[in-house]
Each structure stands twice: as structure tokens, then as C-alpha cells.
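# Summary of structural features
Now for the letters of each chain:
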Amino acid sequence: MTDDTNASQRRAAGPLSAPGRIKEIASAANPIVKDIRALSQKRHRDETGLFLVEGLKLVLDGLDAGWELATLVVSKAALQGGSEVLTRVVSRAVGIGADVIEASAKVLEAIARRDNPQSAIGVFRRRLTPLSKVALASGEVAVALDRVRDPGNLGTILRTADAVGAKSVILVGDCVDPFSLETVRATMGSIFAVPVVRAKEAEFLAWRQGFSGQIVGTHMTGAVDYRTPDYAAATLLFMGNEQAGLSAEMAGTCDLLVRIPQAGRADSLNLAVATGVMLFEARRKALTL
Ligand code: SAM
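Residues numbered from 1 in each chain as written. Predicted model: local features only at pLDDT ≥ 70, side-chain atom pairs only at ≥ 80, totals over all residues. Heavy atoms only, no water.

This next bit is on the packing of aromatic side chains. Under the defined criterion, the tally for this structure stands at 10 aromatic pairs. With a centroid separation of 4.7 Å and an interplanar angle of 50 degrees, the aromatic rings of F51 and F179 are classed as tilted. Placement of F51 in strand β3 (residues 50-54) and of F179 in the loop between β8 (169-172) and α8 (181-187) is noted, with a sequence separation of 128 residues between them. One exposure class covers both F51 and F179, and it is buried. A ring pair is formed by W67 and F179, whose centres lie 6.5 Å apart and whose planes are at 55 degrees; its orientation type is tilted. With a gap of 112 residues between them, W67 in the loop between α3 (56-64) and β4 (69-75) and F179 in the loop between β8 and α8 connect regions that are remote in the sequence. Each member of the pair W67 and F179 is classed as buried. Taken together, the aromatic side chains of F51, W67, F124, F179 and F192 make up a single cluster linked through ring pairs. (Phe/Tyr/Trp six-rings, centres within 6.5 Å; stacked < 30°, edge-to-face > 60°. Helix = DSSP H or I, 4+ residues; strand = E, 2+ residues; numbered from the N terminus. Buried < 20%, exposed > 50% of the residue type's maximum accessible area, 1.4 Å probe, protein only.)

Here is the structure:
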């Protein structure tokens with residue numbers, strides 16, 4: 001078969017009310033491949049509302065969580081090699097109306113920008129939760145991040161927030177894109193589990209007026225040991241920017257500022273590590289039940 005040949009005869013049976021199309025693409029210069037590759041840039045993600053997810057496990061996580069899969073790119077070689085799980089995912093994708101591309105190794109490498117690409121790449125429609133939907137009950141916890149800049153940190157924080165059952169992660173101000181390839185990779189699938197909110201500083205400050213729980217800010221000069229507060233109330237943990245920490249305005253909106261004691265010479269903890277320490281402390285009672 002040549003580029004873009006319709007391969008619908010290999011389409012597996014499924015609930016075909018709005019079946020997706022199957023195409024075969026061998027050339028990385030194909031315009032569809034170019035469009036998918038462009039999703040590595042934030043501008044294209046913002047324009048299309050789509051983002052890339054690498055690997056069969058993450059694609060399955062997204063499908064299981066009910067996120068909209070627009071396109072599934074799969075390794076033609078792996079399909080021909082008889083991968084049952086891949087065949088099932090293709091069938092599932094077609095059944096829900098996603099387009100499927102059976103791709104050459106060159107195409108997969110071009111999209112993932114890697115020498116050893118995964119056998120599946122998903123193009124999903126992103127989801128953001130409005131700030132107005134964030135509500136916490138007693139004992140629940142959420143995280144707010146002031147201008148987080150590092151995609152690996154954000155991905156790790158989302159994964160950790162998922163692990164402790166945090167209710168949401170609020171990105172305040174100019175934060176890194178939660179749907180960048182690097183962030184999504186670092187979440188290991190938790191991007192599909194934790195509601196992500198984006199808010200400008202002013203929106204956050206306005207929402208804060210109606211928030212009845214406590215906001216616990218983390219600060220290098222925090223007067224309170226992080227193990228002191230009672231986290232039984234609804235708690236929003238507020239974490240600072242990697243370089244600058246919490247801005248004075250954001251620190252000023254917190255009910256209290258806590259510090260994680262340190263013994264050695266390090267100035268501070270890595271943001272994701274500090275968030276992990278805080279989340280496990282805040283959820284300690286719930287996690288030991
Ligand atoms: N130079 C920055 C400052 O003075 O705030 C360091 C920022 S630190 C790398 C990034 C964030 O991690 C901080 O804003 C805070 O939220 C958290 N953090 C790191 N170490 C901490 C500690 N020992 N106690 C409390 N928060 C900490």
C-alpha cells in the first residue's frame with residue numbers, strides 16, 4: 001500500500017455509529033503528519049485544543065478516563081506483528097469515531113522526535129476545569145502553583161496529586177502548558193485523572209474571596225513548621241515558582257505560611273519534591289485509614 005491508502009478493509013468491528021477512518025501513512029512529509037507534529041508547539045495546541053500522548057499505556061489511560069481521542073497513530077509493523085492489545089485499541093478508537101493512522105517507523109519517529117518511538121501515539125482533545133468548579137470538602141486537598149515553569153515539575157506534581165487523591169491542580173499566572181509533551185510524559189497518565197485549572201492572578205484572588213477552606217502557602221521564610229497545621233479543613237496548598245518562590249501578593253493571600261525544615265546546605269527543595277512532602281503530610285490521616 002502507498003501513502004494515505006484507505007485501509008478500511010482492516011477496520012475491526014466495533015460500535016460503528018460514527019466510525020473513524022483508517023489511513024496508512026509512510027512518509028513523514030505527509031500533511032497530516034505535519035499537523036500532528038505541530039502539536040509539539042504550544043501555539044498549535046492552543047489553536048486546535050489538541051495534545052499528544054505517547055505510548056499505549058497512556059492512550060489506554062485516556063480512553064478509560066473518557067477523554068476524547070481525535071486521532072490514533074499506531075505502528076504498522078507492530079500491528080502486522082500481531083499485537084493483540086494494539087489491534088484492540090485500534091478497534092476501540094475506530095468505534096468511538098477517532099481517525100486511525102497506521103504509520104511507518106519513520107512517521108512515528110518524526111512525531112515523537114525520538115529514535116525509539118512507542119507503538120502508539122494518541123491525539124487527544126484537552127480538558128481544563130473552570131476555577132468556579134473548584135470546591136473542597138473538609139479533609140480534601142488541592143494544589144495551587146504560582147507560575148510553575150518546569151514541565152517535568154508540573155508533570156511530577158500532577159502524578160503526585162493523583163497518587164494522594166488531591167482534587168485539582170490550579171495553575172496561577174504564567175505557568176508552563178500542562179499539555180506539553182514533556183509534562184504529559186512526566187504525569188505517567190495522571191493528566192487524565194487530576195482536574196487542571198488555569199487562572200490569572202486576579203481571577204484567583206477573586207475566587208479566593210469565596211473559598212471557605214484554608215490556604216496554606218509554602219515559603220522559605222514561613223514561620224510555621226509544615227507538620228503543625230491541622231489539615232482536617234479543606235486545604236489548598238500554595239506552592240511557589242522555582243526561582244522566585246511565591247510572589248508577595250500570593251503569599252499575602254495565604255492563611256498561613258509554612259516551612260519544611262532542612263538540615264543540610266541546600267537553599268531549598270525542588271518544587272515537585274516540596275509539593276510531594278506537603279501533599280503526603282496533608283493527606284497523612286486519609287492515607288493511613
Ligand atoms: N529561591 C526560592 C525562594 O526563596 O522561595 C526557592 C523556590 S523553591 C525552589 C520552589 C518552591 O518550593 C517554593 O516556593 C516553595 O513553594 C517550595 N519549597 C521548596 N523548599 C521548601 C521548604 N524548605 N519549605 C517550604 N517550601 C519549600
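Next comes the rest of the account.
Inspection of the region around the ligand gives 18 residues, with T218, G240, I260, Q262 and L269 positioned closest. At 3.1 Å, a backbone N or O of Q243 approaches a nitrogen atom of the ligand. Taking Q262, its side chain carries an N or O atom lying 2.7 Å from a nitrogen atom of the ligand. Protein coverage of the free-state accessible area of the ligand, which is 560 Å², stands at 85%. Elements with a minimum of two residues in the shell around the ligand: β13 (256-259) and α11 (271-282). (Near = heavy atom within 4 Å. Polar contact = N/O pair within 3.5 Å; in protein donor to acceptor, adjacent residues only side chain to side chain. Areas by Shrake-Rupley, 256 points an atom, 1.4 Å probe, with all protein chains shown as cover.)

Closest axis-to-axis distance for the helix α7 (residues 151-164)/α11 pair is 9 Å, and the angle between their directions is 10 degrees. Our classification of the angle between α7 and α11 gives roughly parallel. Considering the relative orientation of α7 and α11, their crossing is right-handed. Contacts between α7 and α11 involve N153, T156, I157, T160, A161 and V164 on the former and, on the latter, L271, A272, T275, G276, L279 and F280. (Axes fitted to C-alpha atoms, helices over the stretch in contact; angles between N-to-C directions. Parallel < 35°, antiparallel > 145°, perpendicular 65-115°, else oblique. Left-handed = near helix turned anticlockwise from the far one by under 90°. Contact = heavy atoms within 4.5 Å.)

With that settled, the discussion passes to the pairing of strand β6 (residues 120-125). By the criterion of burial, β6 is predominantly enclosed, with 5 of the 6 residues buried. Here β3 pairs with β6 via 5 bridges, running antiparallel. Within the sheet, the bridge partner assigned to V53 lies in β6 and is G122. Inspection of the sheet shows β4 paired to β6 by 5 bridges, in the antiparallel sense. Paired with L72 across the bridge in β6 is G122. (Pairing = 2+ DSSP bridges.)

Let us look at unusual backbone geometry. Notably, R147 is not glycine yet its phi reads approximately 50 degrees, a positive angle. Owing to a relative accessible area of 22%, R147 belongs among the partly exposed residues under this scheme. The phi dihedral of M188 is positive, around 55 degrees, even though this residue is not glycine. For M188, the location among the structural elements is in the loop between α8 and β9 (196-199).

What the domain assignment lists for the chain is domain 1 (5-125) and domain 2 (131-288). For domain 1 versus domain 2, the separation of C-alpha centres amounts to 33 Å. Contacts between the two partners involve 16 residues from domain 1 and, on the opposite side, 11 residues from domain 2. Together, the buried faces of domain 1 and domain 2 total about 1,200 Å²; carbon and sulfur atoms form 65% of this surface. Our count for the domain 1 to domain 2 interface comes out at 2 salt bridges. The shortest N-O distance in the salt bridge between E54 and R185 comes to 2.6 Å. (Domains from an automatic or database assignment. Buried area = accessible area lost by both parts, 1.4 Å probe. Salt bridge = Lys/Arg side-chain N within 4 Å of Asp/Glu carboxyl O.)

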